[in-house]
Amino acid sequence: MKALFYPGCSMQKNARPYLDSLLAIREDIDLELQEIEDWNCCGATEYMSVHRVAAHSLVGRNLALAQDQARDTDVLTAGCSACYLNLAKTDAQMREDARLKVTVNAALAAGGLEYKPGSMKVRHLLDLVCHDIGYEAVKARVVKPLHGLKVAAYYGCQVVRPDYDGHWDNHEHPTSMDKLLAALGAEPVDWALKTQCCGGHMTVIGPDVAFGLIRRLIHGAQEAGADLVVTLCPMCQLNLDAYQVEMNKHFHTDYRVPVLYFTQLMGMAFGKTAKDLGIGKEFVAAAPALAKIQAEAPKVAETKRKRRPKPGDALPMPGME
Amino acid sequence: MASTPGNNRLDHCIQCGSCGGSCPSGPEMDHTPRRLFALIRAGERDTVLRSNAPWYCVSCYYCTVRCPQEIHITDVMYTLKSMAIKAGLFHDAALPDFSETFVDYVEKYGRSFELGIATRFNLRHHPLSLAGMAPMGLGMLKRGRMDLTPHRIDGMAQLTAILEKAKALEGTS
Amino acid sequence: MAKQNKPERDGQERIGVYVCHCGTNIAGVVDVESVAKFAAEDLKDRGVVLARDYTFMCSVAGQELIEQDIHEQQLTRVVVAACSPHLHEKTFRGVCERSGVNPYLSEMASIREHVAWVHTDKAAATAKAKAIVSGTVERVLKNDPLEAIKVPIDAQTLVVGGGIAGIQAALEVAEAGYEVVLVEREASLGGHMAQFDKTFPTLDCAACILTPKMAAAGSHPKIHLFTWSEVEKVEGYVGNYTVTVKKKPRYVDEDICTGCGICVEKCPILVVDDKFEAGIGYRKAIYWPFAQAVPNLPVLDTETCTYYVGGKGGCKACEKFCPTVPNSIKFDQKAERVTLRVGNIILATGWDLFDARRIPQYGYGRLANVFTNLELERMCNAAGPTGGKVVMRDGQSAPKRVAIIHCVGSRDRNYNRHCSAICCMQSLKLAHLVKERTGAEVYNFYIDIRTPGKEYDEFYQRVLDDGVHFVRGKVAEVTDIPFDPAEASRNGSGALYVQVEDTLAGLQRRVPVDMVVLSAGLEPRRDSSEVGKTFGIACSTSGWFIEKHAKMDPIATMTEGVFIAGCAAGPKDIPASVSQGSAAAARVLNYIRQGELALEPVRASVLAEQCSGCRICNGLCPFNAISFIEERKVTEINAALCQGCGTCVAACPAGAIQGTGFSNEQLFAQIEGLLRDFSREPEVV
């Protein structure tokens with residue numbers, strides 16, 4: 001599968017392990033990435049707070065460059081949730097709002113560029129892996145299944161919401177990454193905080209709010225029995241990992257829940273080395289959790305035969321199909 | 001307000017409170033998103049633009065997907081932020097300053113530069129916290145997760161031209 | 001039939017033209033006197049002998065004007081230039097009929113909707129009105145004196161749906177002395193009302209007020225009951241429907257079974273009953289839905305009975321213990337089809353509950369102590385799975401704090417836009433019942449409190465007196481995860497947190513409770529559009545059946561002979577459903593008493609000599625009125641089924657189909673009249 005690739009500012013340095021692990025596994029999953037030449041910052045959640053048309057134009061330049069540079073593919077992918085959302089939002093809103101389209105293109109014209117909304121299909125990296133490359137293809141490349149590793153799949157907000165083109169099964173309880181982790185041999189835990197916010201930029205401008213949110217997530221993952229948290233966004237990883245240390249200081253707690261990218265786990269399952277995958281660069285060391293990986297698949301408990309209900313028994317639960 | 005893309009439909013708000021109930025920052029906002037919309041409809045421009053609510057928005061989009069009237073709440077928050085900056089009205093200057101600092105770096109280099117943003121912002125607003133942040137900063141450096149110098153894109157002239165034109169067109173669409 | 005006026009005086013038609021002011025609606029824009037003058041003078045050569053203008057033609061005085069003129073001036077045709085025919089075509093046709101002129105020799109020219117209401121330029125509007133009148137005069141000259149088509153009405157009525165609306169309709173028609181066939185898809189009559197515990201606002205026991213009617217319907221000599229059955233096919237037209245009912249196999253012989261219930265007692269297989277018990281109770285593989293089932297004939301569930309499943313031949317306990325001779329259990333019973341003739345059909349198929357799993361943030365299906373309103377009804381019901389005790393999912397402990405969430409899946413563009421009409425009252429009722437039985441702190445989370453009915457707001461006051469807490473806010477999420485250790489230690493494990501903005505206080509709250517009840521909304525039946533197709537009626541975009549007119553005719557549909565009653569047409573409470581059941585019965589009795597129905601003769605018909613047998617029209621008819629006669633190789637149209645839509649008329653390449661009342665002749669004449677050049681004024685069309 002071919003795709004234009006927008007790395008985004010975070011992946012260059014603070015989320016370097018995300019990029020490294022992605023590059024390490026792309027051949028295994030037959031994903032050819034063509035990086036946009038001379039891309040610029042997407043503006044994150046900050047640029048749009050100050051300007052609107054300029055914010056869309058900032059993103060527009062990347063869309064236009066991708067459109068012009070695209071060779072036999074119309075898919076544009078990003079790994080960072082905010083970058084993905086900005087690209088998707090600008091494209092979607094230029095499609096829906098004719099005036100915005102005209103205005104943004106007028107701005108782009110000052111730089112000799114033009115973007116036809118809809119010409120690039122903006123997709124998040126996880127979306128490509130789960131829905132285009134597919135779980136079976138991923139499973140086929142697994143040489144070291146992650147048996148015995150309990151993982152909390154953490155999607156964060158901006159990938160599954162607002163989801164302009166309906167790529168995800170659910171805004172609140174998606175299952176794609178869980179299925180991916182299962183395909184890698186790991187055991188995704190059942191936890192309800194999968195898409196609760198990590199606090200975003202509140203770590204800088206409103207730390208009290210952020211720490212509360214971070215603690216809830218880390219504590220929740222731990223309570224659910226997870227050995228580590230798996231994420232798909234550099235901001236989330238930074239908040240849950242680097243700021244976990246700060247959070248511990250704030251609350252005088254001692255949580256040690258490592259946070260890795262899904263591409264790093266994929267790499268591990270594909271047999272790459274920790275160094276290739278940037279494992280070791282996290283603040284809360286992942287090595288102890290990863291040491292729990294077993295050679296054999298854990299035994300599945302025998303399902304007990306259902307006995308006949310008696311008075312005083314629990315009421316049946318609704319089915320979830 | 002009407003220029004927020006997606007036809008913000010604030011007139012359709014039934015004041016149900018889904019947004020205020022879903023908001024992760026809700027308890028810290030002086031006015032919940034719902035109350036903010038009531039204030040907007042009541043014409044309380046000053047109060048609305050001085051509110052800390054839009055700045056505390058984390059863009060989680062829970063409000064947007066849960067709103068029974070399909071109002072693009074998060075986008076409205078962005079609009080309110082830029083309006084507040086233009087009007088020079090805010091509750092705490094630190095809040096818009098963070099965004100503006102970010103914008104400055106992007107407009108200079110075409111890329112964001114965390115060390116620069118964090119340092120400048122904290123020097124200006126929370127100088128004492130810089131000391132407390134040192135361990136984390138060092139931790140990032142040690143792990144090769146932070147740049148000491150910013151990167152500049154090649155097409156800076158092109159980007160600048162685009163952004164200048166865009167700003168001139170602001171408010172015309 | 002009124003006698004016709006023959007053209008007098010040299011075989012010429014004598015046309016009267018009446019131009020209505022409609023107060024200032026028309027006269028404010030169109031110079032009505034000038035139009036009348038124009039008709040009297042310029043259209044004299046076309047047969048207009050008089051033209052008047054008058055303030056309100058539809059009034060008694062206006063109508064009398066026409067009647068008088070018909071008698072005194074021997075008018076043979078009438079043109080009324082006024083509003084749209086949708087409003088008063090019948091009125092003026094009636095005038096003609098009373099005065100001896102064939103009603104189809106009267107035409108209306110719409111100079112209100114087509115002229116006065118859409119133009120502001122008075123001169124142009126007046127000119128347009130004149131042109132329209134000229135066109136209509138030309139057209140009316142080509143009208144044929146048509147006769148209404150009379151169809152006989154079969155006196156038997158089909159009622160589909162055995163809930164409260166259907167039962168009411170069936171009883172009313174049967175009491176009037178006519179036969180009724182009542183078809184119910186489930187094994188017993190009763191519908192959703194049979195599941196409820198108490199009904200608002202009186203807190204009457206639902207079963208106590210329903211079962212007498214169920215019993216009456218089950219034993220009435222004029223009501224032929226088909227339960228565990230569905231209508232498979234409907235053919236024909238009003239007064240003359242041929243209906244095929246499929247009786248699903250019960251695997252129990254209904255002629256022999258005495259309803260003793262031993263088979264149910266002895267059956268060893270326990271299954272979660274997700275229909276009647278809303279998933280929180282059990283039934284056997286052979287069962288009847290509830291104790292007071294009408295008829296009290298059990299039904300075998302082949303998906304769980306060991307005879308059909310498991311490949312070991314089954315335990316056959318039901319057969320072994322059945323006391324009747326011959327045995328009532330018939331494992332090999334097959335579906336049976338019954339064909340019936342009915343004159344009218346009443347659809348009272350009810351509603352389905354909104355699936356609360358569609359809102360994952362409320363935790364239904366994932367969090368043990370989140371329930372739906374229907375589950376709570378079963379819990380509160382003394383004959384329900386918990387014997388009327390309100391308990392948590394463990395089946396034992398009573399909750400100390402209960403949250404009831406209004407508007408789940410309703411009033412929400414993400415799910416259903418409509419308000420479900422009854423759930424505020426149901427939520428209040430459940431609050432009262434829960435409080436009464438457990439003494440728990442009850443919190444109702446609402447956006448509005450909708451209590452429009454009789455004694456409804458008084459009931460709200462009663463619930464306020466009970467001490468139920470009301471928080472105005474649409475709940476954002478229900479979670480079992482405490483926000484921080486402090487909250488966890490305050491509330492213990494197992495607590496559910498209802499996160500909501502208390503909009504009246506203006507702050508976000510997390511209210512800890514033990515149990516959450518979701519007031520899920522009413523939705524149309526999942527298969528409502530298929531059912532609609534079977535009966536030839538349409539569903540709205542939300543899925544409810546569409547009535548003929550939302551305000552003035554909520555019982556009839558656009559298909560003659562098919563009526564709707566109860567929640568099938570939209571959410572409503574029990575009194576409204578009962579009223580609609582009675583109303584539908586009244587309409588049907590109306591037809592039956594008349595014995596025959598006069599249908600509009602505006603239909604299509606095939607000129608057999610010109611039909612080439614190409615059959616292009618055959619598949620086009622939305623009313624299945626067209627059939628092909630093999631022997632003669634020509635197409636034929638059933639005049640009674642035809643609704644005069646004109647599709648086939650347009651499609652026929654040979655021009656062999658003509659639309660009565662809209663013939664080519666008439667239409668071309670109208671065009672000629674419209675375009676006629678009257679030279680003196682500018683022609684504006």
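Parameters and conventions
- Residues numbered from 1 in each chain as written.
- Chains lettered and ligands numbered in written order.
- Predicted model: local features only at pLDDT ≥ 70, side-chain atom pairs only at ≥ 80, totals over all residues.
- Heavy atoms only, no water.
- Helix = DSSP H or I, 4+ residues; strand = E, 2+ residues; numbered from the N terminus.
- Buried < 20%, exposed > 50% of the residue type's maximum accessible area, 1.4 Å probe, protein only.
- Contact = heavy atoms within 4.5 Å.
- Areas by Shrake-Rupley, 256 points an atom, 1.4 Å probe, with all protein chains shown as cover.
- Lys, Arg positive; Asp, Glu negative; His and termini not counted.
- Charge placed at Lys NZ, Arg CZ, Asp CG, Glu CD.
- Rg over C-alpha atoms; globule rule 2.2 N^0.38 Å.
- Polar contact = N/O pair within 3.5 Å; in protein donor to acceptor, adjacent residues only side chain to side chain.
- Buried area = accessible area lost by both parts, 1.4 Å probe.
- Salt bridge = Lys/Arg side-chain N within 4 Å of Asp/Glu carboxyl O.
- Nonpolar A, V, L, I, M, F, W, Y, C, P; charged D, E, K, R; others polar.
- Patch = residues over 30% accessible without salt bridge, like charges linked within 9 Å, V, L, I, M, F, W, Y side chains within 5 Å.
- Core = buried A, V, L, I, M, F, W, Y, C linked by side-chain atoms within 4.5 Å.
- Pairing = 2+ DSSP bridges.
- Axes fitted to C-alpha atoms, helices over the stretch in contact; angles between N-to-C directions.
- Phe/Tyr/Trp six-rings, centres within 6.5 Å; stacked < 30°, edge-to-face > 60°.
- pLDDT = per-residue confidence, 0-100.

Caption draft 1: Region of the structure containing the overall build of chain C. Along the backbone of chain C there are 17 helices and 34 strands. Its C-alpha atoms give chain C principal-axis dimensions of about 100 × 70 × 45 Å. Out of the 685 residues belonging to chain C, those deemed buried represent 55%. By sequence separation, contacts in chain C at least 24 residues apart represent 70% of the contacts at least 6 residues apart. Summed over all atoms, the accessible surface of chain C reaches about 29,200 Å², with 51% contributed by carbon and sulfur. Mean positive and mean negative side-chain charge positions of chain C (75 and 83 charges, respectively) differ by 3 Å.

Caption draft 2: Looking closely at the overall build of chain A. Across its full length, chain A carries 13 helices and eight strands. In terms of C-alpha radius of gyration, chain A reaches 21 Å, essentially the compact-globule figure of 20 Å for 321 residues. Seen through its C-alpha atoms, chain A measures out along the principal axes to roughly 70 × 45 × 45 Å. Residues classed as buried in chain A amount to 63% of the 321 residues present. Taking as baseline every contact in chain A between residues at least 6 positions apart, the subset at least 24 positions apart corresponds to 78%. Per element, the accessible surface of chain A, about 12,100 Å² overall, is 50% carbon and sulfur. Chain A carries 36 positive and 38 negative side-chain charges, and their two centres are separated by 5 Å.

Caption draft 3: Up close: the environment of Ala269 of chain A. All names here are of chain A. With respect to the helices, strands and loops of the structure, Ala269 is situated in helix 12 (residues 262–269). On the basis of relative accessibility, which here comes to 0%, the residue Ala269 falls in the buried class. Beyond its immediate stretch of four places on either side in the chain, Ala269 contacts Arg141, Val142, Val143, Lys144, Leu146 and Leu184.

Caption draft 4: Representation of the environment of Asp204 of chain C within the structure. Residue and element names in this part refer to chain C. Residue placement: Asp204 occurs in strand 9 (residues 204–205). Taking the C-alpha atoms as reference, Asp204 lies 25 Å from Ala584; in sequence the two are 380 residues apart. Other than its neighbours up to four places away in sequence, Asp204 contacts Asp197, Lys198, Thr199 and Ile209. Within the local environment of Asp204, its side chain forms a polar contact with the side chain of Thr202, the two groups lying 2.8 Å apart.

Caption draft 5: Representation of the interface of chain C and chain A in the model. Chain C puts 31 residues into the contact, and the matching count from chain A is 22 residues. Here chain C meets chain A over a buried area of about 2,300 Å², counting both sides, of which 62% is carbon and sulfur. At the junction of chain C and chain A, the tally comes to zero salt bridges. The interface formed by chain C and chain A includes four residue pairs in polar contact (both at pLDDT 80 or more). Put simply, the parts of the chain that give the side of chain C that touches chain A at least two residues each are strand 13 (270–273) and strand 14 (281–284) of chain C. Its residues placed into classes, the side of chain C that touches chain A shows 17 nonpolar, seven polar and seven charged.

Caption draft 6: Looking closely at unusual backbone geometry. Across the junction of Arg161 of chain A and Pro162 of chain A, the peptide omega takes the value -5°, indicating a cis bond. Among the structural elements, Pro162 of chain A can be located in the loop between strand 5 (150–153) and helix 8 (176–183). Here the bond from Val325 of chain C into Pro326 of chain C is cis, since omega is -5°, no more than 30 degrees from zero. By the secondary structure assignment, Pro326 of chain C is in the loop between helix 9 (317–321) and strand 17 (336–342). Positive phi values are uncommon outside glycine, yet Cys407 of chain C reaches one of about 55°. Locating Cys407 of chain C in the fold gives a position in strand 21 (residues 401–408). The exposure class assigned to Cys407 of chain C is buried, which follows from its relative accessible area of 8%.

Caption draft 7: Region of interest: a nonpolar patch on the surface. On the surface, Leu138, Leu141 and Leu148 of chain B cluster together into a nonpolar patch covering about 290 Å² of accessible area. Position of Leu141 of chain B relative to the elements: it lies in helix 9 (residues 127–142).

Caption draft 8: Summary view of the nonpolar core. In terms of nonpolar packing, the biggest core is built from 168 residues, with Leu76, Leu184, Phe262, Leu265 and Met266 of chain A touching the most fellow members. For this core, the element with the highest residue contribution is helix 4 (residues 53–69) of chain A, accounting for nine residues. With residues up to four places along the chain from it excluded, the contact list for Phe262 of chain A reads Tyr18, Leu125, Leu126, Val129, Met177, Leu180, Val230, Thr231 and Leu232 of chain A. If you look at the next biggest cluster of nonpolar residues, it comprises 125 residues, including Leu367, Met379, Val588 and Leu597 of chain C.

Caption draft 9: Layout of the interface of chain B and chain A. Between chain B and chain A, the residue contacts involve 59 residues of the former and 63 residues of the latter. Linking chain B with chain A are 25 residue pairs in polar contact (both at pLDDT 80 or more). Counting residues per element, the ones that place at least two in the side of chain B that touches chain A are helix 4 (53–56), helix 5 (62–66), helix 6 (73–87), helix 7 (94–109), helix 8 (114–125), helix 9 and helix 10 (156–169) of chain B. In terms of residue count, helix 10 of chain B provides more of the side of chain B that touches chain A than any other element does, nine residues in total.

Caption draft 10: Molecular detail of the sheet that holds strand 2 (residues 32–35) of chain A. Residue and element names in this part refer to chain A. Sheet architecture is open: four strands sit in the order 2-1-3-4, paired in parallel fashion. Each end of this open sheet is capped by a strand with a single partner; those strands are strand 2 and strand 4 (121–124). Taken pair by pair, the neighbouring strands of this sheet meet at an average axis angle of 40°, ignoring direction. In the sheet, strand 1 (residues 2–6) pairs with strand 2 via four bridges, with the strands oriented parallel. The residue bridging Leu4 from the neighbouring strand is Gln34, located in strand 2. Of the strands in this sheet, strand 1, strand 3 (75–78) and strand 4 touch helix 5 (residues 81–96), which is tilted by about 155° from strand 4.

Caption draft 11: Structural context of the packing of aromatic side chains. All names here are of chain C. Taken as a whole and judged by the stated rule, the model has 19 aromatic pairs over all chains. A centroid spacing of 5.4 Å and a plane angle of 85° characterise the contact between Phe200 and Tyr456, whose relative ring orientation is edge-to-face. Of this pair, Phe200 sits in the loop between strand 8 (198–199) and strand 9 while Tyr456 sits in helix 12 (residues 456–466), and the two are 256 residues apart along the sequence. As far as burial versus exposure is concerned, Phe200 and Tyr456 are alike and both buried. Summarising the aromatic geometry, the rings of Phe276 and Phe290 are spaced 4.7 Å apart at their centres and angled 20° between planes, so their arrangement reads as stacked. Residue Phe276 is located in the loop between strand 13 and strand 14, and its partner Phe290 is located in the loop between strand 15 (286–287) and strand 16 (299–300); the two are separated by 14 residues in the primary sequence. Residue classification places Phe290 among the buried residues on the basis of a relative accessible area of 11%. Through a chain of ring-to-ring contacts, the aromatic side chains of Tyr251, Tyr307, Tyr308 and Phe331 assemble into a single cluster.

Caption draft 12: The arrangement of the confidence of the model for chain C in detail. With 98% of its residues at a pLDDT of 70 or more, chain C shows a mean pLDDT of 93. When the criterion is pLDDT under 50, residues 1–5 of chain C qualifies, and its contacts beyond four places in sequence or with other chains add up to 15 contacts.

Caption draft 13: Expanded view of helix 12 of chain A. Residue and element names in this part refer to chain A. Burial of helix 12 is extensive: eight of the eight residues sit out of reach of the surface. Those residues of helix 12 lying buried are Phe262, Thr263, Gln264, Leu265, Met266, Gly267, Met268 and Ala269. In the segment just after helix 12, Gly271 is the residue with positive phi, at about 95°.

Caption draft 14: Region of interest: the pairing of strand 3 (residues 77–82) of chain C. All names here are of chain C. When you tally the buried positions in strand 3, you get six out of six residues, the bulk of the element. The two faces of strand 3 match: Arg77, Val79 and Ala81 on one face and Val78, Val80 and Ala82 on the other face are all buried. Looking at chain direction, strand 1 (residues 15–20) and strand 3 are connected through five bridges and run parallel. Bridging across to strand 3, Tyr18 finds its partner in Val80.

Caption draft 15: Looking closely at the sheet that holds strand 24 (residues 477–479) of chain C. Residue and element names in this part refer to chain C. Taken in spatial order, the three strands of this open sheet run 24-25-26, and their pairing is antiparallel. If you trace the sheet from one side to the other, it starts and ends with strand 24 and strand 26 (507–513), each paired once. Strand after strand, the sheet turns through a mean of 25° between neighbouring axes, direction not considered. Relative to strand 26, strand 25 (residues 496–502) runs antiparallel, the two sharing seven bridges. From the neighbouring strand, Val498 faces strand 26, where its bridge partner is Val511.

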